[in-house]
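Residue strings, one per chain:
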Amino acid sequence: MGESLVPMGRIGAPHGVRGWVRIQSETRPEENILAYAPWYLRAGTEGAEARPVEIAESRIGGKGPLARLDGVTDREGAAALTHSVILVPRSALPEPAPGEWYWADLEGLTVVTTAGEELGRLQAMMETGANDVMVVAGERERLVPFVQGEVVRSVEPEAGRMVVDWDPDF
């Protein structure tokens, strides 16, 4: 497939004995993941290929979204999907508003301070109660809050970098 795929969640544990799985969604609200199609699944192993799957049925359970994928009819089949990454084509996503980005667009950017010192690459984003936090991997790992204006001074995906007002000793 030539189009880029964006991670939107993971397959969780089996739910029941008829092939249903729990969905660990990275969308807000979390049930929005069920509206995207098609889904592609990639096993949690490095370098695994993404394969298209169809949602046969879906619903919202007490602990979040649930789905049964086409061809999966029992608990063993559902268990085999656990930890698979759910990806959707980039074209299925709406364009972010100005000043907003998908996490997938930020991951991999080089993070530099306002003084020009490179801190490393943005490895991952984490959601916390107060604000999102960037995991920046360089000579050591740093957790930097993603607070636009105060900490994050500019995001330049086309240049492959982000400028932050952050003390490198933190």
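Located above this text is the structure these notes cover.
Scope of this entry: the structure provided in the associated data block.

### Section: the overall build of the protein chain
Secondary structure assignment for the protein chain yields 2 helices and 13 strands. The dimensions of the protein chain, computed from C-alpha atoms along their principal axes, are 55 × 30 × 30 Å. Within the protein chain, the proportion of its 170 residues that are buried is 36%. Within the protein chain, contacts between residues separated by at least 24 positions form 51% of all contacts whose residues are at least 6 apart in sequence. Carbon and sulfur atoms make up 48% of the accessible area of the protein chain, which totals about 9600 Å². Across the protein chain, the mean location of the 16 positive side-chain charges is 8 Å away from that of the 27 negative side-chain charges.

### Overview of the sheet that holds strand β2 (residues 20-25)
Strands sit in the order β4-β3-β7-β1-β2-β6-β5 across an open sheet of 7 strands; the sheet is antiparallel. Each edge of the sheet is formed by a strand with only one pairing partner; in this case those strands are β4 (50-53) and β5 (55-61). The sheet shows a mean angle of 35° between the axes of neighbouring strands, direction not considered. Here 4 bridges tie strand β3 (residues 39-42) to β4, and the two strands are oriented antiparallel to one another. Within β4, the position partnered with L41 by the bridge is R51.

### Here's the deal with unusual backbone geometry
Residues R28 and P29 are joined by a peptide bond in cis, for which omega reads -5°. Relative to the elements of secondary structure, P29 occurs in the loop between β2 and β3. The amide bond that connects A37 to the next residue, P38, takes the cis arrangement and shows omega of -5°. As for its placement among the helices and strands, P38 is situated in the loop between β2 and β3. One non-glycine residue, H83, adopts positive backbone phi at about 75°. With respect to the secondary-structure elements, H83 resides in the loop between α1 (75-79) and β7 (85-89). Note on H83: relative accessible area 53%, which makes it exposed.

### Some words on the packing of aromatic side chains
Under the defined criterion, the tally for this structure stands at 1 aromatic pair. Plain terms: the ring middles of W166 and F170 are 5.6 Å apart, the flat faces sit at 85° to each other, and that makes the pair edge-to-face. Overall, W166 belongs to the buried group, its relative accessible area being 18%. One cation-aromatic arrangement involves R59 over W20; the distance from NZ or CZ to the ring centre is 4.4 Å.

What counts, and at which threshold
Residues numbered from 1 in each chain as written. Predicted model: local features only at pLDDT ≥ 70, side-chain atom pairs only at ≥ 80, totals over all residues. Heavy atoms only, no water. Helix = DSSP H or I, 4+ residues; strand = E, 2+ residues; numbered from the N terminus. Buried < 20%, exposed > 50% of the residue type's maximum accessible area, 1.4 Å probe, protein only. Contact = heavy atoms within 4.5 Å. Areas by Shrake-Rupley, 256 points an atom, 1.4 Å probe, with all protein chains shown as cover. Lys, Arg positive; Asp, Glu negative; His and termini not counted. Charge placed at Lys NZ, Arg CZ, Asp CG, Glu CD. Pairing = 2+ DSSP bridges. Axes fitted to C-alpha atoms, helices over the stretch in contact; angles between N-to-C directions. Phe/Tyr/Trp six-rings, centres within 6.5 Å; stacked < 30°, edge-to-face > 60°. Lys NZ or Arg CZ within 6 Å of the ring centre and 35° of its normal.

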